[in-house]
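Observations on the three-dimensional arrangement
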Amino acid sequence: MSAPSLTPSKAARARHAQPPVDGPPQHGGAFGRSLKRNLTAHGFLIGAVLCFAFFSWYPMVREFFLAFQKTDQGEVSWVGLENLETVFNDPAFWQAWRNTALFTVLALVLGFAVPFVVAIVINELRHGKGYLRLLVYLPVMLPPVASVLLFKYLYDPGYGMLNEVFGFFGLPEQQWLQDPDLSMLSVVIASTWMNMGGAALIYLAALQGIPGELYEAAELDGAGLLRKIWHVTIPQTRLILSLMLLMQIIATMQVFVEPFLLTGGAGPEGSTTTVVYLIYQYAFNFNNYGAAAALGLLLLVLLAGFSAAYVKLSRAEDE
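Residues numbered from 1 in each chain as written. Predicted model: local features only at pLDDT ≥ 70, side-chain atom pairs only at ≥ 80, totals over all residues. Heavy atoms only, no water.

As recorded in an unreviewed UniProt entry, the chain goes by the name Binding protein dependent transport protein, listed as coming from Streptomyces coelicolor. Checking UniProt for the chain, the heading Subcellular location (unreviewed entry) contains the comment "Cell membrane". (UniProt positions renumbered as here; feature names shortened; annotations may be inferred.)

Okay, here's the thing in structure tokens:
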């Protein structure tokens, strides 16, 4: 009986010689595969971009064209700079800008400084930080209308709690919302209380990121509380302070809800008429959408120019 042959057969050699079978051909390249893997994320991103374009970019472009147009009985005509002339010739125009500038300055004195001080106080405490953070942020969670109506009750000259406190200490009662000299300050106080919670928490997060060694070194040098704040806290939080300052100015220049609900918009002798309220009057009281768009365009250009100048100065300081 002959021994089995160790030489592989031709069929076996043919099977081993066949090249491996490749998988299905890939189409679209790396971008297509990545898009397929992240289809859900891209869908959310595209949806967000479309919403932003529809609700932000389109109104800005539409406002630009509307500022140079006039609508009369449904017919739109190009009027050039006529809307800007109407706005500049309005006596309330300059008063609105003065009131807006005054509100911005007062809001920076109170609304920018008070949250930073509150954050420093909370950061220095050893107990109850969580409760105090909730207490500070609580006004932000309230609806703005409810907060404003609360302050309208406090400011009431007849039964308002603020005048009750003044009377208890023997101080004269004040016409908070009816006095032209106090109406804007009253609006600023209400706005500061309503919006300080978010800024205070942002400052608090920045303060907690400062290394403790810096404060220890300052204490070894004999620095007190104020010197530590000036030489350690403020320099270490300069970036977030600068960002919050820019956001504060942009927000205060667009104030509308507080004066509209507290003083009816214009206030006594027009003392709380702001630029945005004047835009509201042009659009919904006078039905002059072209003038409203022109004034809105002026505000947009002013804020954009301020933001660009601020960013340029910040980069120059960093360099």
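We are not done yet, so read on.
1. Side note on the UniProt feature "transmembrane region" (unreviewed entry) in the chain
Taking the UniProt record as the reference, the feature "transmembrane region" (unreviewed entry) is found at residues 39-58, 101-122, 134-155, 182-206, 237-257 and 289-311. Secondary structure within residues 39-58 divides into 100% helix and 0% strand; the distance between the first and last C-alpha atoms comes to 26 Å. The span residues 134-155 carries 86% helix and 0% strand; its end-to-end C-alpha distance comes to 26 Å. (Helix = DSSP H or I, 4+ residues; strand = E, 2+ residues; numbered from the N terminus.)

2. Observations concerning the confidence of the model for the chain
Note: predicted coordinates in regions of low pLDDT should not be interpreted at a detailed level. Summary statistics for the chain give a mean pLDDT of 82 and a share of 88% for residues scoring 70 or more. Across the chain, the secondary-structure element scoring lowest on mean pLDDT is helix α1 (residues 10-17), at 50, and the one scoring highest is helix α14 (residues 275-285), at 92. Below pLDDT 50 for its whole length, residues 1-7 participates in one contact with residues either more than four positions away or in separate chains. (pLDDT = per-residue confidence, 0-100. Contact = heavy atoms within 4.5 Å.)

3. Digging into the packing of aromatic side chains
Throughout the structure, instances matching the rule amount to 26 aromatic pairs. Centroid distance F116 to Y203: 5.4 Å. Interplanar angle 90°. Geometry classified as edge-to-face. Here F116 is found in helix α5 (residues 91-124), whereas its partner Y203 is found in helix α9 (residues 183-208), with 87 residues between them in sequence. Y203 sits in the buried class, given a relative accessible area of 2%. Seen from their ring centres, F260 and Y280 are 5.3 Å apart, and the 70° between their planes marks the pair as edge-to-face. Taken together, the positions of F260 in helix α13 (residues 257-263) and Y280 in helix α14 put the pair 20 residues apart, joining distant regions of the chain. The exposure class assigned to F260 is partly exposed, which follows from its relative accessible area of 27%. A network of ring pairs unites the aromatic residues F151, Y155, F166, W176 and W193 as a single cluster. (Phe/Tyr/Trp six-rings, centres within 6.5 Å; stacked < 30°, edge-to-face > 60°. Buried < 20%, exposed > 50% of the residue type's maximum accessible area, 1.4 Å probe, protein only.)

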